[in-house]
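# Per-entry structural report
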Amino acid sequence: MSDRRTATTGLAFHRLSASSAAALVRGEGGGAAVEELVTAERSRRLLLVRALADGLSEGDPPQPAGTDPLSHRAAWTLLARTQQHAPQAFEDTLMCPHTGMWLSLALRRLRGATAYEDAPLWVVAGHLSALAAAAATRAGLDFSLTVPVRHGRVPLPTLGCAVFEDVAEPWGTAQVDAREGRLRITAGRRTVAAGPDWSRGAPGWHAVRRLELEPTGPGKLLALDELDPYRTFPHPSPPRLLSATEARTWEEQLTEAWEVLRRDEPQSAEAMRVGLMSLAPTPARERYRPHSVTAGDAFGGVMASRPDDVAQLAATLVHEFQHTKLGGLIHLGPLTEPTAPRGAQEQLFYAPWRDDPRPLGGLLQGIYAFAGVARFWSVHRHAADAAYAPMAHFEFALWRAQVSSTVDLVHGHDRLTSLGRRLIGALRGRCDAWMAEPVPPAELAAAQEAAADHRARWRAHHLRPPVAAVEDAVGAWRRGEPRPPATLAARPALAPVADARYLDTAAVLARYRLGAPAADPGDIEGVHRADLLLARGDLSGARDAFVEQLGCKKPSFGAWAGLGRALAGVAEHRDASRLLRHCPERARAVQSALEHVTGQRADPVELAAWLGRGAPEQD
């Protein structure tokens, strides 16, 4: 990043030091590098606040009758007063991740973009008053200010939320009065009081939960935020209070995960100590399918489902903080050149961590995030206890291969900027080193099988052979010709299927086998009986079950890939297995066309064998 100055203002651009830039493009970067990103993010936030104030300069959005007027000018004045009186209180509120998310969404609403929430514009814009009230409270100032009410709740960012059970209207206003550190929040005829220690709960008042993850040492305070509407991305949501049991589980797992990071990923822990500010907990998902999200506008915030275990949580924190770092880096310098002209279709790619095709920018985000995941498992697999080590070896083998193949896919892409090329080049070197590391044979084989299965299922869903070639193949099949036309091996076209889901079934079942061998997988989304038989090694049973599945009225596209695995190792099915494991989209397309023309389907194994006979593979 250069030290150029603008011709009109004379202000210097933010720039990274050479050491920080080098560390970040390698996927690394400790506290010093993140401090530089935070400094740049602060300037960006101030510009967004200024842009919002400018957008509201002609007047506040109209409010319905019966609500007290919200004034952005009054909020702005209180924020300026807070900044002068107690700069740190202002900074803490400004740099809260949820502030960044709200600013982004509010500006988009003001400019006519699609709404991400059902709140009216006057409530969204009025959140500036809630922000000002929270900052002034942290500063210990006396004030009175009108703020929005959302479904009977008054959120004050970084502080907590007042709840008015008797408020029936979805949107309204409340009065916040602060005197000598005490808060009084009045909506209608009811008042909720908090303080002077507003970090403690009180009747009608829920304080933001904060965890001291490192009571001995440098210290790390993390907000476990259940309250702020802008804690979830990209759609705001009402508070979801944790039960006592949930809160205790989160506190225990976060504390243990932090210790794992301090031991296995000390540089990441150092970076997170500076830049990780809050975690918004969401309910547990299916086992071995955790869900986590970050947003570029919410620097320092993470939304995550309750994890299955501590190591998974540690890996999730690394993953999401990689996104945070890359988002901060991109705010200083783009990784890609602008997209194609308006109306032109953007190129999409296979992303082995997604069910859907991804544009180049999204693919780079995934590469960077999962490079961090691979780095975590590369160390943790040697530190984990003996019972967990197989799982850790599997995760390392899986993610190093997935990142490596994707880096190779985009290396040298003509839309990469010089910064993008540096980043991909550095990560390619890391991947080469990881690929040379030994992994126990069983875990390595499981990872390779999971990676290949995901790719095959993705191809079956999203790729289409040339239409004319498929028609020729149907004719050749019906005429009894010995092999399909060579044109069927031409590069397939990308035709994304919107409802593609659960393409990671092989990886999920491998995790059950490695991490919980005694557990009954039960009903897993996207996993059919055939998949379970395949995971148990019953290839004959799996083959019959996949054939049955492909005979259903609405067959699963992924069953073609599963059938290819079930046929593997049997000499007479070599051609069929090879075709289905590498190019299942050909079988799907020809079978569909046959059914359309004749009203009947071919035997899947016979069709795959014929399609694979002498046909060159096309990856």
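The following paragraphs examine the structure supplied in this document.

What counts and what doesn't
Residues numbered from 1 in each chain as written. Predicted model: local features only at pLDDT ≥ 70, side-chain atom pairs only at ≥ 80, totals over all residues. Heavy atoms only, no water. Core = buried A, V, L, I, M, F, W, Y, C linked by side-chain atoms within 4.5 Å. Buried < 20%, exposed > 50% of the residue type's maximum accessible area, 1.4 Å probe, protein only. Helix = DSSP H or I, 4+ residues; strand = E, 2+ residues; numbered from the N terminus. Phe/Tyr/Trp six-rings, centres within 6.5 Å; stacked < 30°, edge-to-face > 60°. Lys NZ or Arg CZ within 6 Å of the ring centre and 35° of its normal.

## Some thoughts on the nonpolar core
If you look at the biggest cluster of nonpolar residues, it comprises 151 residues, and the most contacted ones within it are L156, W205, L254, I367 and W377. Take this core: its biggest share by element is 13 residues, from helix α6 (residues 121–139). One finds L533, L534, A589 and A593 within the second-largest nonpolar core, a separate group that totals 34 residues.

## Describing unusual backbone geometry
Cis geometry is adopted by the peptide bond preceding P196, which originates at G195 and carries an omega value of 10°. By the secondary structure assignment, P196 is in the loop between β6 (190–194) and β7 (205–207). The omega angle of the peptide bond from F233 to P234 is -10°, so this bond is cis rather than trans. Along the chain, the position of P234 falls in the loop between β9 (221–224) and α7 (244–264). With a phi close to 75°, T158 is a non-glycine residue in the positive phi region. Note on T158: relative accessible area 7%, which makes it buried. One non-glycine residue, Y288, lies in the positive phi region at around 65°. Among the structural elements, Y288 can be located in the loop between β10 (278–282) and β11 (292–293).

## Section: the packing of aromatic side chains
Within this structure, the stated rule accounts for seven aromatic pairs. Relative to F370, the ring of W353 has its centre 4.9 Å away and its plane inclined at 20°; by these criteria the two rings are stacked. Of this pair, W353 sits in the loop between β13 (348–349) and β14 (358–359) while F370 sits in helix α10 (residues 360–383); the two residues are 17 residues apart in sequence, bridging distant segments of the chain. What makes F370 buried here is its relative accessible area of 11%. Their ring planes at 75° and their centres at 5.3 Å tell us that W477 and W610 sit as a pair that is edge-to-face. Highlighted residues: W477 in helix α14 (residues 467–479) and W610 in helix α21 (residues 604–612), separated in sequence by 133 residues. Of note, R588 hangs over the ring of F557, and the distance from its end group to the ring centre comes to 3.5 Å.

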